[in-house]
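Secondary and tertiary structure notes
Here is how the chains run, residue by residue.
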Amino acid sequence: MASEKILEKGIRQNSSKRRKGGFITLPFIIANEALEKVPSYALVPSMMLYLKSNYNMTIAAGHNLINLWQAVSNFAPILGAFFADSYMGRFVTIGLGSVSSFLGVTILWLTALMPQARPPPCDHLTQSCKSATAGQLGILVCALFFKSMGAGGIRPCSMPFGADQLSNSSEKTLESYFSWYYAAASLGGSLGLTVVIYILQMYGWTVGYGVCACLMFLAALAFYIASPLYVKRKASTSLFTGFVQVLAASYKNRNLPFPPQKLGYHRGKNSEMTVPSERLRFLNKACIIRNAEQEIGPDGLALDPWRVCTVLKVEELKALLKVIPIWSTGIVMAIAGSQHSFPVLQASSMNRHVFRGFDIPAASLTVFVYLTTVVWVILYERVIIPLASKIKGKQVYISVKLRMGIGLFLSVLALGLTAMVENARLSKAIQEGHVKNPSAMVNMSVMWLLPQYIVMGVAESLSILGQFEFYHREFPKTMSSIGNSLYFLSLAVAHILSSALFNIVSQTTSRDGKPSWVADNLNEARFDNYYWLLAGLSVLNVFYYIICSRSYGSTSDVIDEGYVSEEE
């Protein structure tokens with residue numbers, strides 16, 4: 001009887017362990033990401049107005065601060081991915097990121113709540129404004145820093161953590177998961193750009209930022225409440241350290257001849273990968289064994305990993321280096337999407353009246369980008385692909401690289417539309433005599449901005465979602481978070497380059513006393529020319545992508561080894 005009870009208990013424990021993960025965990029993971037997106041998307045477009053009205057900043061100073069903040073926010077996922085894959089695991093990283101984001105938004109709420117945390121309002125009679133003190137700016141920067149670090153913990157790990165729960169699922173299931181995950185995140189962003197922005201406009205910064213803090217608390221709670229249900233993968237050894245070891249070992253062994261095929265390479269303990277691939281062949285020297293007795297221990301591990309590495313480590317570095325050209329093509333599109341200040345100011349200068357008693361908040365217009373994303377995912381999954389498959393008589397699948405390319409092309413069209421609409425708005429402002437009045441409202445409906453937002457929404461759906469899926473397919477599971485963070489790295493680089501481009505255009509087009517293309521007064525500026533410049537760069541980027549895509553092969557020979565699947 002005792003042995004039967006022990007056996008029955010063991011069966012129950014094993015069945016309980018098998019029940020971890022699966023679809024039941026996805027609502028909690030997606031809810032965490034979607035709720036984090038609500039305040040994040042509300043803060044970015046409204047931040048310029050907050051800095052101008054509460055910190056007395058100019059457009060240039062606010063633009064640079066926002067770009068720096070967004071650059072840090074999108075570089076932080078690289079650090080988050082590193083710690084998740086190498087030390088803490090994804091569960092801990094997402095949890096800490098949620099707490100950090102909550103702290104950041106709470107501190108930002110306190111800056112709106114406490115007058116001492118901000119400079120005094122401008123004196124309109126004397127037209128004098130006091131700048132924020134170092135302490136006041138320190139509190140603001142602290143709030144933005146905690147929010148950035150929180151984003152660095154959540155964004156690179158959330159989608160791969162959900163994929164961990166579906167580790168035995170088909171590619172079609174994973175593709176659907178990626179699509180609905182991105183749609184839910186876009187829906188969260190849409191709520192931030194509509195509901196929260198409306199609250200900010202109607203009830204002020206204190207109430208609006210208080211709502212953001214509450215939502216961030218719910219995001220952390222939604223994630224932690226399902227902790228017993230998750231599959232929690234342990235972190236592997238440090239990937240970045242391994243990459244440096246491969247580079248060091250390949251340099252030290254640069255004069256060694258290549259051994260005969262399938263002989264003389266360090267395969268590692270219990271590894272199925274015995275021979276490195278032929279691409280980037282110079283890195284293969286990192287796994288050449290000179291003397292097995294002196295370099296390989298009894299346990300099958302290298303005694304000095306800085307002199308000889310495993311074939312798997314070499315192939316992981318190759319996988320990362322191989323995707324860099326295609327990754328770089330997303331930077332120009334990200335530059336176009338990082339223009340947070342101008343769209344809000346442009347919309348605020350147009351007629352935003354929709355129906356009786358309601359004006360669309362200027363910062364809410366970009367919601368149409370994310371609503372388009374949600375609608376496109378539904379149409380793509382439920383209408384376009386099933387209909388195309390029915391017509392063809394077989395399952396139709398649009399390749400990831402083709403989707404990314406179409407997205408880049410559509411971004412060119414969106415930028416062209418932006419330039420044309422701004423040119424029409426500027427002409428209208430000149431006709432109505434508003435050149436010297438930057439706060440004047442032009443008699444032109446804000447609905448003229450919808451086409452550019454809709455086209456950009458489809459472009460981002462194809463390109464950005466394609467990037468996430470591309471990295472997940474091309475990288476082994478040991479690099480899932482790092483692969484996912486590459487998109488955010490492109491955003492970080494884009495914000496830095498955007499700030500540099502903005503400053504260069506400002507300086508080079510303001511000579512001889514003329515207002516620059518990006519002057520504070522929109523009615524004197526030429527933002528239409530600025531967007532034509534972005535469109536021209538995007539055209540060149542499309543041709544660059546075609547070259548990179550055609551020269552790209554496959555990394556299907558990278559085996560998912562070294563990925564520890566035990567629970568933490």
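About the criteria used
Residues numbered from 1 in each chain as written. Predicted model: local features only at pLDDT ≥ 70, side-chain atom pairs only at ≥ 80, totals over all residues. Heavy atoms only, no water. Helix = DSSP H or I, 4+ residues; strand = E, 2+ residues; numbered from the N terminus. Buried < 20%, exposed > 50% of the residue type's maximum accessible area, 1.4 Å probe, protein only. Contact = heavy atoms within 4.5 Å. Areas by Shrake-Rupley, 256 points an atom, 1.4 Å probe, with all protein chains shown as cover. pLDDT = per-residue confidence, 0-100. Salt bridge = Lys/Arg side-chain N within 4 Å of Asp/Glu carboxyl O. Axes fitted to C-alpha atoms, helices over the stretch in contact; angles between N-to-C directions. Parallel < 35°, antiparallel > 145°, perpendicular 65-115°, else oblique. Left-handed = near helix turned anticlockwise from the far one by under 90°. Nonpolar A, V, L, I, M, F, W, Y, C, P; charged D, E, K, R; others polar. Pairing = 2+ DSSP bridges. Phe/Tyr/Trp six-rings, centres within 6.5 Å; stacked < 30°, edge-to-face > 60°. Lys NZ or Arg CZ within 6 Å of the ring centre and 35° of its normal. Core = buried A, V, L, I, M, F, W, Y, C linked by side-chain atoms within 4.5 Å. Expected span 1.5 Å × (residues − 1). Bend = angle between axes of the 7 residues up to and from the residue.

Considerations on the overall build of the protein chain
Each helix and strand in the protein chain was counted, giving 16 helices and 4 strands. When burial is assessed residue by residue, the protein chain has 54% of its 568 residues classed as buried. A sequence separation of at least 24 residues applies to 82% of the contacts in the protein chain between residues at least 6 apart. Summed over all atoms, the accessible surface of the protein chain reaches about 25,800 Å², with 65% contributed by carbon and sulfur.

Focus on the environment of L413
Tracing the backbone through its elements, the reader meets L413 in helix α13 (residues 400–431). For the pair L413 and P451, spaced 38 residues apart in the sequence, the C-alpha separation amounts to 10.0 Å.

Regarding the environment of W69
Note that W69 resides in helix α3 (residues 59–88). Judged by its relative accessible area of 6%, W69 falls in the buried class. In this structure the C-alpha to C-alpha distance between W69 and A492, which are 423 residues apart in sequence, comes to 9.3 Å. If near-sequence neighbours (up to four positions away) are discounted, W69 is found in contact with L43, V44, M47, L144 and S148.

Some details on the confidence of the model for the protein chain
Mean pLDDT for the protein chain: 81, with 89% of residues reaching 70 or above. The element-level mean pLDDT for the protein chain is lowest in helix α1 (residues 2–18), coming to 46, with helix α4 (residues 90–113) highest at 93. pLDDT under 50 marks residues 1–17. Its contacts with residues more than four places away, or in other chains, come to 1 contact. Below pLDDT 50 for its whole length, residues 555–568 participates in 50 contacts with residues either more than four positions away or in separate chains.

Quick notes on the pattern of salt bridges
Applying the stated criterion across every chain, the model contains 11 salt bridges. K147 is the salt-bridge partner of E36, the closest N and O atoms lying 3.0 Å from each other. One end of the pair, E36, is in helix α2 (residues 26–54); the other, K147, is in helix α5 (residues 134–164), and 111 residues separate them in sequence. R526 is paired through a salt bridge with D528; the nearest N and O atoms lie 2.8 Å apart. R526 sits in the partly exposed class, given a relative accessible area of 31%. Overlapping salt bridges bring together E33, E36, K37, K147 and R155 as one network.

Notes on the packing of α13 against helix α14 (residues 450–474)
When two helices pack together, you describe them by how their axes are tilted relative to each other and by the distance separating the axes. Two elements in contact, α13 and α14, have axes separated by 7 Å at closest approach and are oriented at 155 degrees. If you check the angle between α13 and α14, you find them roughly antiparallel. Seen from above, α13 lies across α14 with left-handed handedness. Taken together, the residues that form the contact of α13 with α14 break down as 16 nonpolar, 7 polar and 4 charged.

Thoughts on the pairing of strand β4 (residues 442–445)
Burial of β4 is one-sided: the residues V442 and M444 facing one way are buried, the residues N443 and S445 facing the other way are not. The sheet contact formed by strand β1 (residues 350–351) and β4 spans 2 bridges and is parallel. Paired with N351 across the bridge in β4 is S445.

A few points about the packing of aromatic side chains
Throughout the structure, instances matching the rule amount to 21 aromatic pairs. Ring centres of Y50 and Y55 lie 5.8 Å apart, and the angle between their planes is 65 degrees; on these two criteria the pair is classed as edge-to-face. Grouping residues by exposure puts Y50 and Y55 together as buried. An aromatic cluster of three or more residues is present, and its members are F91, F161, F223, Y224 and Y230. K232 extends its terminal NZ or CZ atom over the ring of F91, reaching a point 4.2 Å from the ring centre.

Side note on the nonpolar core
Ranked by internal contacts, the top residues of the largest apolar core, which has 130 residues, are M47, Y177 and Y530. For this core, the leading source of residues is helix α6 (residues 171–225), giving 16 residues. In contact with Y530, other than residues within four places in its own chain, are Q339, S498, L501, F502, V505, W517 and V518. Of all hydrophobic cores here, the second largest spans 9 residues; its members include C157, F161, A226 and Y230.

Some remarks on helix α16 (residues 527–551)
In this model, α16 (25 residues) spans 36 Å end to end at C-alpha, consistent with the 36 Å of a helix rising 1.5 Å per residue. The complete set of buried residues in α16 reads F527, D528, Y530, Y531, L534, A535, S538, N541, V542, Y545, C548 and S549.

Side note on the environment of P515
Considering the arrangement of structural elements, one finds P515 in the loop between α15 (480–508) and α16. Its relative accessible area of 40% is what places P515 among the partly exposed residues. Distance from P515 to R526, taken between C-alpha atoms, is 8.6 Å for residues 11 residues apart in sequence.

Quick look at α5
Taking 1.5 Å of rise per residue, 31 residues should cover 45 Å, and α5 covers 45 Å from first to last C-alpha, within 8% of that figure. Maximum bend of α5: about 40 degrees, positioned at S158, with proline P160 one to four residues after it.

As for unusual backbone geometry
In this model, N56 sits at a positive phi of 55 degrees, which is unusual for a non-glycine residue. Relative to the helices and strands, N56 resides in the loop between α2 and α3. The phi dihedral of L280 is positive, around 50 degrees, even though this residue is not glycine. Tracing the sequence through the fold places L280 in the loop between α7 (239–252) and α8 (292–295). The class of L280 is partly exposed, set by a relative accessible area of 32%.

Observations concerning the side chain of K318
Note that K318 resides in helix α9 (residues 311–328). Not counting chain neighbours up to four residues away, the residues in contact with K318 comprise P276, S277, R279, L280, L283 and N284.

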